[in-house]
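Observations on the model geometry
Here are the chains, one letter per residue:
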Amino acid sequence: MKGILGRKIGMTQVFATDGRLIPVTVVEVQPNVVLQVLSKEKNGYQALQLAVEDKRINLVSKPDQGQFKKANTTPKRFVKEIRNMDGYNSGDIIKADIFTAGEFVDVTGTSKGKGFTGSIKRHNYSRGPMGHGSGYHRGVGSMGPIAPNRILKSKKMPGHMGAEKVTIQNLEVVAIDTVKNALLVKGSIPGPNKQFVVIKETIKGLNPKTPTELIKRTVESKTPEPEIKTEKPVEVVAETPVEAAPATDAPASVEE
């Protein structure tokens, strides 16, 4: 498993070599610092604690300041753990080149907050008839049977919408710009602009909707080259020439 922290900048579009227009999301990926290496022996699970983007020291508590000093870095604003990631030590720097173009990733972020919304917008309910004397238009609908004399749990009701953790899987990395620390991810990702996101290696493999040429290229890169076995040359025995039979006169055609 591998991953990195970044900040969503916004959406744009790029053109592929064959002329296809691809909508992409630009993610700014500044160099990540490894704050702590967690192991199964000491912490019970394996993970790396990453941090990105500097923060004023007067906004950081004393315990956190000590943690940043151990990693020999300045205080950071966004800190997250990525499970089952290893191969780095405390204080190491991870850049955007950890991924390559054509890979698939899972992006996790906080969705946009919509405030208090009704059941139609929040749960995609259908509204009631708008004419013929109907008094029900955008109501919640039935609250359940009478027998329990109460509303059962998990009933979909109006309430706060959005502002929750969302993960979108199997997004293709279209391009990587190491000079500008930018990562172009195909499609949209959760959250508003300037929102911090976590980009991790996909856990479900290739998307079945992936273009055939990309799947073929990925499979060929993982397939080992076949071994070429040399065989002994086969001796060819010359055959004796066969004399051609003498030509015979063809029978005359009979006219009707």
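As annotated in an unreviewed UniProt entry, the chain carries the name Large ribosomal subunit protein uL3 and comes from Spiroplasma poulsonii. For the chain, the Function (unreviewed entry) comment in UniProt is given as "One of the primary rRNA binding proteins, it binds directly near the 3'-end of the 23S rRNA, where it nucleates assembly of the 50S subunit." Taken from UniProt, the Sequence similarities (unreviewed entry) comment for the chain reads in full: "Belongs to the universal ribosomal protein uL3 family."

This next bit is on the overall build of the chain. Looking only at helices and strands, the chain has 4 helices and 12 strands in total. Residue burial in the chain is summarised as follows: out of 256 residues, 28% are buried. Sequence separation of 24 or more characterises 69% of the internal contacts of the chain that already satisfy a separation of 6 or more. A total accessible area of about 18400 Å² is found for the chain, and carbon and sulfur atoms account for 52% of it.

Taken residue by residue, the chain gives an average pLDDT of 84. The fraction at 70 or more is 80%. Long-range and interchain partners of residues 214-226, a stretch whose pLDDT sits below 50, account for 6 contacts in this model, where long-range means more than four residues apart.

Let us look at the side chain of T25. When you line up the elements, T25 lands in strand β2 (residues 21-28). Judged by its relative accessible area of 0%, T25 falls in the buried class. A distance of 2.5 Å separates a polar atom in the side chain of T25 from the backbone oxygen of G187. Discounting residues that sit within four places of it in the chain, T25 has contacts with K8, G10, M11, L183, L184, V185, G187, S188 and I189.

Further remarks concern empty space enclosed by the protein. Following the criterion strictly, the structure yields 1 cavity of 30 Å³ or more and no others. By volume, the largest cavity is sized at about 40 Å³. Surrounding the largest cavity, G6, R7, E28, Q30, V52, E53 and F196 form its lining. Within the lining of the largest cavity, the residues separate by chemical class into 2 nonpolar, 2 polar and 3 charged.

The next point concerns the nonpolar core. Core analysis: the biggest nonpolar cluster contains 26 residues, and V27, V105 and I199 have the highest contact counts within it. Sorting the residues of this core by element identifies β1 (3-15), β4 (47-54), β5 (76-83), β7 (104-110), β10 (165-177), β11 (182-186) and β12 (196-201) as the ones contributing at least two each. Examining the composition of this core, we find that 4 residues originate from one element, β12, more than from any other. Once you skip the residues sitting within four places of it in the chain, V27 turns out to touch G6, R7, N181, A182, L183, V185, I189, V197 and I199. With 5 residues, the next largest nonpolar core counts A51, V60, F68 and A71 among its residues.

With that settled, the discussion passes to the pairing of strand β3 (residues 32-38). Of all the 7 residues making up β3, 5 are buried; the element is thus mostly covered by neighbouring parts of the structure. Two elements, β3 and strand β6 (residues 93-94), share 2 bridges in a ladder whose sense is antiparallel. Residue pairing across strands places N32 opposite I94, the latter belonging to β6. Where β3 lies against β4, 5 bridges are found, and the strand directions are antiparallel.

A few words now on the environment of V27. Of note, V27 is situated in strand β2. Between the alpha carbons of V27 and L183 there is a distance of 5.1 Å; along the sequence they are 156 residues apart.

Another point: the sheet that holds β6. Reading across the sheet, the 4 strands line up as β5-β4-β3-β6 and stay open at both edges, with antiparallel pairing between neighbours. On the outer flanks of this sheet lie β5 and β6, each paired with one strand and no other. Contacting β3, β4 and β5, helix α2 (residues 62-70) runs over the sheet at an angle of about 100 degrees to β3.

On any regular strand, side chains alternate: one points to one face of the sheet, the next to the other face. When you tally the buried positions in β4, you get 7 out of 8 residues, the bulk of the element. Pairing of β4 with β5 involves 7 bridges; the strand directions are antiparallel. When the bridges of β5 are listed, V52 appears paired with F78.

Attention shifts here to the sheet that holds β2. Taken in spatial order, the 6 strands line up as β1-β2-β11-β10-β7-β12 and close into a barrel, and their pairing is antiparallel. Each adjacent strand pair in this sheet contributes to an overall mean axis angle of 50 degrees, direction not counted. As judged from the 4 bridges shared by β10 and β11, these two strands associate in the antiparallel manner. Counted as the bridge partner of A175 is L184 from β11.

The rules behind these values
Residues numbered from 1 in each chain as written. Predicted model: local features only at pLDDT ≥ 70, side-chain atom pairs only at ≥ 80, totals over all residues. Heavy atoms only, no water. UniProt positions renumbered as here; feature names shortened; annotations may be inferred. Helix = DSSP H or I, 4+ residues; strand = E, 2+ residues; numbered from the N terminus. Buried < 20%, exposed > 50% of the residue type's maximum accessible area, 1.4 Å probe, protein only. Contact = heavy atoms within 4.5 Å. Areas by Shrake-Rupley, 256 points an atom, 1.4 Å probe, with all protein chains shown as cover. pLDDT = per-residue confidence, 0-100. Polar contact = N/O pair within 3.5 Å; in protein donor to acceptor, adjacent residues only side chain to side chain. 1 Å grid on protein atoms, 1.4 Å probe; cavity = no way out; pocket = protein on both sides within 12 Å on 5 of 7 lines; lining within 4 Å. Points joined across faces, edges and corners; volume = space filled by probe spheres on them. Nonpolar A, V, L, I, M, F, W, Y, C, P; charged D, E, K, R; others polar. Core = buried A, V, L, I, M, F, W, Y, C linked by side-chain atoms within 4.5 Å. Pairing = 2+ DSSP bridges. Axes fitted to C-alpha atoms, helices over the stretch in contact; angles between N-to-C directions.

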